[in-house]
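In case you want the letters, here they are:
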Amino acid sequence: MRRIYLDHNASSPLRPSARDAMIAALEKGMNASSVHDEGRQARFLIEDARAAVADALGTDAEAVIFTSGATEANNLALTPQMTLSGSDVAFEKLFVSAVEHPCVLEGGRFDAGQVFQVPVNSNGIIDLTALEDMLGSAGGRALVSVMAANNETGVLQPVEDVARIVREKGGIFHCDAVQLFGRADISGLDADLVTVSSHKIGGPFGVGVLAVRNRGLQIRPLIRGGGQERNQRAGTENAPAIAGFAAAVRSAALDEIGEITYMRDAFETGVSDLPGVSIAGSEACRLPNTSLILVDGVGAETALIGLDLQGVAVSSGSACSSGKVGQSHVLAAMGVGTGTAAGALRFSFGWNTTMDDINDAVRALERVISRARDRQSAA
Ligand code: PLP
């Protein structure tokens, strides 16, 4: 059976360019800290990759710290102690939007009692007045972490406004740009710290970046015991994965986004005609590749399995890392009731999606919904 993979926000399939770059690097397979020629070749790959990622992030190569992924990069960024322009700074509080990825909501190296959630509106957009008020009454310097785009709904946050407010209050702004990276030009993203991940853009698993765009800032390492990454992240670099990531960055040409947007719109037009289907966050600016649909009266788990049996891979809006369907904290923060949220299905498109995939997925969803409704009326 033909498989249709529409779960690019979970992981985007490996791009051929990334696979080729990884295989070439694996065949060399040397330690980039070694001084011999083999080591220097690995070093070259890593520094070339650093330049590619820095370019895409609109920053200097020195700003780029390679990590094992975005989860680690976020944990590295969210620390109560940093150095700013040579002086130690301590953050007593961390403010995060209520719709962040769990690896931000957990607060990194902050104690649970130091982490405060800023509410969002019914479209999932951060309440800027609440952020301003919370920062105003925080006392002392604050660290703020707000994502660029939500992984479940695709809703974009007003990061420029967040950056302005945080600066006015003397804080530091971290932005988890994992879902926006490769899907829009983020070279002008005005955040002190930016996180991106490789496997969301068709690069390999196990590599991500924290970019310290504010060049006066220094982060305390999370992983110690080696001088790699300018003493900011110890451990032998994963040169093949890093080379694969860079190849994916270079291949993620923004012109593919136009086509993806067109297909996403066609998908939404198709599903909007189905009975009881609505689109979460539809009033807001969203990622060009994401549709979180709410299917009235049909459980996401049933729909997921029904779609999978027809060859269509999607995820539940509330799929948690264990693979089970749980309550979505994102939809809860948007005020979506548990009944409605139980029917949330995320379709996310990417570099290898075709118009045939879109048409077949709409038809498969139509069959799943109509069978579920038939069963309900027979019961
Ligand atoms: N942040 C966001 C917004 C994500 O969507 C994800 C992955 O689901 C992560 C962070 C974690 O990324 P990684 O798998 O690279 O650790």
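In what follows, the structure referred to is the one given above.
Scoring rules and cut-offs
Residues numbered from 1 in each chain as written. Predicted model: local features only at pLDDT ≥ 70, side-chain atom pairs only at ≥ 80, totals over all residues. Heavy atoms only, no water. Helix = DSSP H or I, 4+ residues; strand = E, 2+ residues; numbered from the N terminus. Buried < 20%, exposed > 50% of the residue type's maximum accessible area, 1.4 Å probe, protein only. Salt bridge = Lys/Arg side-chain N within 4 Å of Asp/Glu carboxyl O. Core = buried A, V, L, I, M, F, W, Y, C linked by side-chain atoms within 4.5 Å. Contact = heavy atoms within 4.5 Å. Pairing = 2+ DSSP bridges. Axes fitted to C-alpha atoms, helices over the stretch in contact; angles between N-to-C directions. Parallel < 35°, antiparallel > 145°, perpendicular 65-115°, else oblique. Left-handed = near helix turned anticlockwise from the far one by under 90°. Nonpolar A, V, L, I, M, F, W, Y, C, P; charged D, E, K, R; others polar. Near = heavy atom within 4 Å. Polar contact = N/O pair within 3.5 Å; in protein donor to acceptor, adjacent residues only side chain to side chain. Areas by Shrake-Rupley, 256 points an atom, 1.4 Å probe, with all protein chains shown as cover. Expected span 1.5 Å × (residues − 1). Lys, Arg positive; Asp, Glu negative; His and termini not counted. Phe/Tyr/Trp six-rings, centres within 6.5 Å; stacked < 30°, edge-to-face > 60°.

The next subject is the environment of Asp55. With respect to the helices and strands, Asp55 occurs in helix α2 (residues 37–56). We classify Asp55 as exposed; its relative accessible area is 61%. The spatial distance from the C-alpha of Asp55 to the C-alpha of Val249 is 9.7 Å, given a sequence separation of 194 residues.

In the structure shown here, the tally under the stated rule is 21 salt bridges. Where Arg250 meets Asp48, a salt bridge forms, and the shortest distance between an N and an O atom there is 3.1 Å. On the criterion of sequence distance, the pair formed by Arg250 in helix α8 (residues 239–251) and Asp48 in helix α2 is long-range, its members being 202 residues apart. Exposure remark for Asp48: the relative accessible area of 29% places this residue in the partly exposed category.

Of all hydrophobic cores here, the largest spans 50 residues; its most connected members are Leu57, Phe66, Phe173, Val196, Val209 and Phe245. Top contributing element to this core by residue count: α8, with 7 residues. Each residue touching Val196, except ones within four places of it in the same chain, is listed here: Leu57, Ala70, Ala177, Val178, Phe181, Ile186, Gly208, Val209 and Phe245. Ile257, Phe267, Val314 and Ala364 belong to the second-largest nonpolar core, a separate cluster that totals 30 residues.

A few words now on the sheet that holds strand β11 (residues 217–219). Read from one edge to the other, the open sheet built from 3 strands follows the order β4-β3-β11, with strand pairing classed as antiparallel. Each edge of the sheet is formed by a strand with only one pairing partner; in this case those strands are β4 (87–90) and β11. Mean inter-strand twist for the sheet, computed between neighbouring axes without regard to direction, equals 35 degrees. In the sheet, strand β3 (residues 81–84) pairs with β11 via 3 bridges, with the strands oriented antiparallel. Among the inter-strand pairings, Thr83 is bridged to a residue of β11, identified as Gln218.

Packing of helix α1 (residues 16–28) against α8 brings their axes to within 7 Å, and their N-to-C directions diverge by 155 degrees. With respect to each other, α1 and α8 are oriented roughly antiparallel. Judged by the sense of rotation from one axis to the other, the crossing of α1 with α8 is right-handed. Contact residues: α1 offers Ser17, Ala18, Ala21, Met22, Ala25 and Leu26, while α8 offers Ala239, Pro240, Ala241, Ala243, Gly244, Ala247, Ala248 and Ser251. Residues that form the contact of α1 with α8 fall into these classes: 11 nonpolar, 3 polar and no charged.

The next point concerns the sheet that holds strand β12 (residues 277–279). Read across the sheet, 4 strands follow the order β12-β13-β16-β15 without closing on themselves; strand pairing throughout is antiparallel. Strands with a single pairing partner mark the edges of an open sheet, and in this sheet they are β12 and β15 (315–316). For β15 and strand β16 (residues 344–348), the ladder comprises 2 bridges, and the chain directions are antiparallel. Bridged to Ser315 within β16 is Arg346. Its contacts with the sheet place helix α10 (residues 300–309) against β15 and β16, and it is angled at close to 40 degrees to β16. Set on the sheet, helix α13 (residues 355–378) makes contact with β12, β13 (290–295) and β16; between it and β13 the angle comes to about 15 degrees.

Turning our eyes to something else, we now look at the site of the ligand. Neighbouring residues of the ligand: 14 residues in total, closest Thr71, Asp176, Ser197, His199 and Lys200. Between Gln179 and the ligand, the recorded distance is 2.8 Å, taken from a side-chain N or O atom to an oxygen atom. For the ligand, an oxygen atom lies 2.8 Å from a polar atom in the side chain of His199. Computed on the free molecule, the ligand has an accessible area of 390 Å², of which 86% lies beneath the protein chains in the complex. For the shell around the ligand, the element with the most residues is helix α3 (residues 70–77), which contributes 3 residues. Residue classes in the shell around the ligand are distributed as 4 nonpolar, 8 polar and 2 charged.

For an α-helix, 3.6 residues make a turn, and residues three or four places apart therefore share a direction. Along its 20 residues, α2 runs 29 Å from first to last C-alpha, staying within 8% of the 28 Å computed at 1.5 Å per residue. Those residues of α2 not exposed but buried are Gly39, Ala42, Ile46, Ala49, Arg50, Ala52, Val53 and Ala54. On its buried face, α2 sits against β2 (64–67), β10 (208–212), α7 (228–231) and α8. Looking one or two residues beyond α2, the residue adopting positive phi is Gly58, at roughly 65 degrees.

Along the chain, the position of Glu152 falls in the loop between β7 (142–145) and α6 (159–168). Of the side chains with opposite charge, Arg346 comes closest to the buried, unpaired Glu152, at an N-O distance of 6.7 Å. Among the polar contacts listed, one links the side chain of Glu152 to the side chain of Ser328, at a separation of 2.6 Å. Sequence-distant contacts of Glu152, that is, excluding residues within four places in its chain, are made with Thr290, Leu292, Gly317, Ser328, His329, Val330 and Arg346.

One pass over the structure, following the stated rule, counts 4 aromatic pairs. Here the aromatic residues Phe267, Phe347 and Phe349 are joined through ring pairs into a cluster of three or more.

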